[in-house]
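So the chains spell out like this:
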Amino acid sequence: MPPLLLDGPPGIAKSTWARHLATALRMPSISVEATVENASFGLLGCQRGWATAGPGRLLQLILQERVGNPIVVIDELEKAGRVTGTNGGSYDLCGGLLPLLEPATANRWTCPYFQVPFDLGQVSWVMTVNATRPIPEPLLSRCPPIRLPHLTTRDLTGFARRQGARRALSDDSIEVIVEAIQASAGPISLRTVMRMIARAETLEARPQWH
């Protein structure tokens, strides 16, 4: 699968879709929160000699599962920012990804810890962003963004009805959720609708007093 860069507003389930993709394909996967892991060390490894030296999470997953084409999900890549070492070198996550998004270099990528080449050309990458402006141009050229629109009220009410029926919610609960979506004065996210459904499911599971 070619690298995917999903660009869309927050709360439309980009990350949820990516994780469900790995489940549907029955492939091992790892998730990276770029807001927390903004350096490339955790994912790709660190050279020997450093206190935190070791292979990265990606290579550990491949060696542990013995699967050469896992799925890597990176959330909110635009928030990774730049990471510079005391020697002036750049160790940011976007820069570390560049050789792995290009087939010619991914096929013979050298692990900084083991110092031997590995074929990572079959790894599937799914990255999500809320905006592409902070993303460096070299990464965008390797992975053109897929633009995802805002969800409409019709999208959200349709989702609420389908999920409500799938979770065996009562018709009354589903209609209350739909009315709340339609009555919202401003934009409402899919994440909020999912919380409404979960709340209704919890309330319906409580014992009823007569």
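Higher on the page you've got the structure.
Reference entry: report on the structure contained in this document. Keep in mind that what you see is a predicted model, and the values were worked out from it rather than measured.

Re the overall build of the protein
Line of reasoning, step 1. Per the secondary structure count, the protein includes nine helices and nine strands.
Line of reasoning, step 2. When the backbone C-alpha atoms are referred to their principal axes, the protein occupies close to 70 × 35 × 30 Å.
Line of reasoning, step 3. Going through the 210 residues of the protein one by one, you find that 40% of them count as buried.
Line of reasoning, step 4. Considering only contacts within the protein whose residues lie at least 6 apart along the sequence, 70% involve residues at least 24 apart.
Line of reasoning, step 5. Taking the average location of the 21 positive side-chain charges in the protein and that of its 18 negative ones, the two points are 3 Å from each other.

Quick word on the nonpolar core
Line of reasoning, step 1. The biggest cluster of nonpolar side chains holds 32 residues, and the ones touching the most others in it are Leu 43, Ile 74, Leu 77, Leu 97 and Trp 125.
Line of reasoning, step 2. A per-element tally of this core places helix H3 (residues 57-65) first, with four residues.
Line of reasoning, step 3. Here Leu 77 is in contact with Ala 34, Leu 93, Cys 94, Leu 97, Met 127, Thr 128, Val 129, Ile 135 and Leu 139, once residues within four sequence places are set aside.
Line of reasoning, step 4. In this structure, Leu 156, Ala 160, Ile 174 and Ile 197 belong to the second largest nonpolar core, which totals 13 residues.

What about unusual backbone geometry?
Glycine aside, a negative phi is what most residues show, and trans is what most peptide bonds show.
Line of reasoning, step 1. Although it is not a glycine, Arg 26 adopts a positive phi angle of roughly 55°.
Line of reasoning, step 2. Residue placement: Arg 26 occurs in the loop between helix H1 (14-25) and strand S2 (29-33).
Line of reasoning, step 3. Classification of Arg 26 as exposed rests on a relative accessible area of 78%.
Line of reasoning, step 4. Phi angles above zero are rare outside glycine, and Arg 66 is one such case at about 55°.
Line of reasoning, step 5. Look at Arg 66 and you get exposed, because its relative accessible area is 78%.

Considering the packing of aromatic side chains
Line of reasoning, step 1. Under the definition given, this model contains two aromatic pairs.
Line of reasoning, step 2. Judged by centre distance (5.1 Å) and plane angle (75°), the rings of Tyr 113 and Phe 114 are edge-to-face.
Line of reasoning, step 3. Judged by its relative accessible area of 33%, Phe 114 falls in the partly exposed class.
Line of reasoning, step 4. Ring centres of Phe 114 and Phe 118 lie 6.3 Å apart, and the angle between their planes is 50°; this geometry places the pair in the tilted category.
Line of reasoning, step 5. Three or more aromatic residues joined by ring pairs form one cluster here, namely Tyr 113, Phe 114 and Phe 118.

Regarding the pairing of S2
Line of reasoning, step 1. Residues Ile 30 and Val 32 line the buried face of S2, whereas the alternating positions Ser 29, Ser 31 and Glu 33 sit on a face that is not buried.
Line of reasoning, step 2. Bridging between S2 and strand S5 (residues 71-75) involves five bridges; their strand directions are parallel. Note that in S5 the partner of Ser 29 across the bridge is Ile 71.

A look at the side chain of Glu 78
Line of reasoning, step 1. Looking at the secondary structure, you find Glu 78 in the loop between S5 and helix H4 (93-97).
Line of reasoning, step 2. Among the polar contacts made by the side chain of Glu 78, one reaches the main-chain amide nitrogen of Asn 130 at a distance of 3.3 Å.

Some points on a nonpolar patch on the surface
Line of reasoning, step 1. On the surface, a nonpolar cluster with roughly 240 Å² of combined accessible area is contributed by Leu 63, Phe 114 and Val 116.
Line of reasoning, step 2. Structurally, the position occupied by Phe 114 is in the loop between strand S6 (109-110) and strand S7 (117-118).

Here we look at the pairing of strand S1 (residues 4-7)
Line of reasoning, step 1. Across the two faces of S1 the burial is the same, with Leu 4 and Leu 6 and Leu 5 and Asp 7 all buried.
Line of reasoning, step 2. As judged from the four bridges shared by S1 and strand S8 (residues 124-129), these two strands associate in the parallel manner. Within the sheet, the bridge partner assigned to Leu 5 lies in S8 and is Met 127.
Line of reasoning, step 3. Pairing of S1 with strand S9 (residues 146-147) involves two bridges; the strand directions are parallel. Among the inter-strand pairings, Asp 7 is bridged to a residue of S9, identified as Arg 147.

Reading the values: the criteria
Residues numbered from 1 in each chain as written. Predicted model: local features only at pLDDT ≥ 70, side-chain atom pairs only at ≥ 80, totals over all residues. Heavy atoms only, no water. Helix = DSSP H or I, 4+ residues; strand = E, 2+ residues; numbered from the N terminus. Buried < 20%, exposed > 50% of the residue type's maximum accessible area, 1.4 Å probe, protein only. Contact = heavy atoms within 4.5 Å. Lys, Arg positive; Asp, Glu negative; His and termini not counted. Charge placed at Lys NZ, Arg CZ, Asp CG, Glu CD. Core = buried A, V, L, I, M, F, W, Y, C linked by side-chain atoms within 4.5 Å. Phe/Tyr/Trp six-rings, centres within 6.5 Å; stacked < 30°, edge-to-face > 60°. Pairing = 2+ DSSP bridges. Polar contact = N/O pair within 3.5 Å; in protein donor to acceptor, adjacent residues only side chain to side chain. Patch = residues over 30% accessible without salt bridge, like charges linked within 9 Å, V, L, I, M, F, W, Y side chains within 5 Å. Areas by Shrake-Rupley, 256 points an atom, 1.4 Å probe, with all protein chains shown as cover. Salt bridge = Lys/Arg side-chain N within 4 Å of Asp/Glu carboxyl O.

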